[in-house]
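Observations on chain architecture
What follows is each chain in one-letter form.
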Amino acid sequence: MILQEPNILLKCSTSFTNMFCMKSCNVAVNYIIYDPKRKIVVNKGSSRPCGDNHSQISIHAERISINYCRKYDKRNRYHIYIWRYTKKGKLKPTYCCNTCCKLVKKYNYHDKIFTFDEDNIYSAYGKPYLTLGYQIKNLV
């Protein structure tokens, strides 16, 4: 299987193969934090589920990446890219949920968070929705 990589300019090659897992590709949201001035990936990772004794069901990729940017990006220049993989290894767009949209708006990252759709890059901020975990937990 050939894994599709994000369509961004990189000065040095970065491997994204360790971000794909066949068991969790429809659920896990991957993220990279990109410095457009130096054209490098500063950090990358994935959203993670939480255990039974935790107040949240999962920690979203947007929350992890915004916390990283608040800690290490003092000049506010990093861009955040989020996406999912299909079972065939293609990129699938992902948008911020309702809670993450509030977090993005609070820290003024609405013009710095993006998603991939085929070969195009779009803003991931504009389409809030309720997550399945929130709906199950609160029986909406």
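Below is a summary of the structure that appears in this document.

Quick notes on the rules
Residues numbered from 1 in each chain as written. Predicted model: local features only at pLDDT ≥ 70, side-chain atom pairs only at ≥ 80, totals over all residues. Heavy atoms only, no water. Axes fitted to C-alpha atoms, helices over the stretch in contact; angles between N-to-C directions. Helix = DSSP H or I, 4+ residues; strand = E, 2+ residues; numbered from the N terminus. Parallel < 35°, antiparallel > 145°, perpendicular 65-115°, else oblique. Left-handed = near helix turned anticlockwise from the far one by under 90°. Contact = heavy atoms within 4.5 Å. Nonpolar A, V, L, I, M, F, W, Y, C, P; charged D, E, K, R; others polar. Buried < 20%, exposed > 50% of the residue type's maximum accessible area, 1.4 Å probe, protein only. Phe/Tyr/Trp six-rings, centres within 6.5 Å; stacked < 30°, edge-to-face > 60°.

1. A word on the packing of helix α1 (residues 61-72) against helix α2 (residues 98-106)
In contact at an axis separation of 9 Å, α1 and α2 are set at 15° when each is read in the N-to-C sense. Considering their axes alone, α1 and α2 lie roughly parallel with respect to each other. The two elements α1 and α2 meet at a crossing, and its hand is left-handed. The residues of α2 that touch α1, namely those facing Glu62, Arg63 and Ile66, are Thr99, Cys100, Leu103 and Val104. Across the contact of α1 with α2, the residue classes tally to four nonpolar, one polar and two charged.

2. Digging into the environment of Cys101
By secondary structure assignment, the location of Cys101 is in helix α2. The class for Cys101 is buried, based on a relative accessible area of 8%. Measuring from C-alpha to C-alpha, the distance between Cys101 and Tyr125 comes to 6.3 Å, with 24 residues separating the pair along the chain. Not counting chain neighbours up to four residues away, the residues in contact with Cys101 comprise Cys96, Tyr125 and Pro128.

3. Digging into the packing of aromatic side chains
Tallying each qualifying case throughout the model produces six aromatic pairs. Here the aromatic residues Tyr34, Tyr81, Trp83, Tyr85, Phe114 and Phe116 are joined through ring pairs into a cluster of three or more.

In short, geometric facts, not functional conclusions.
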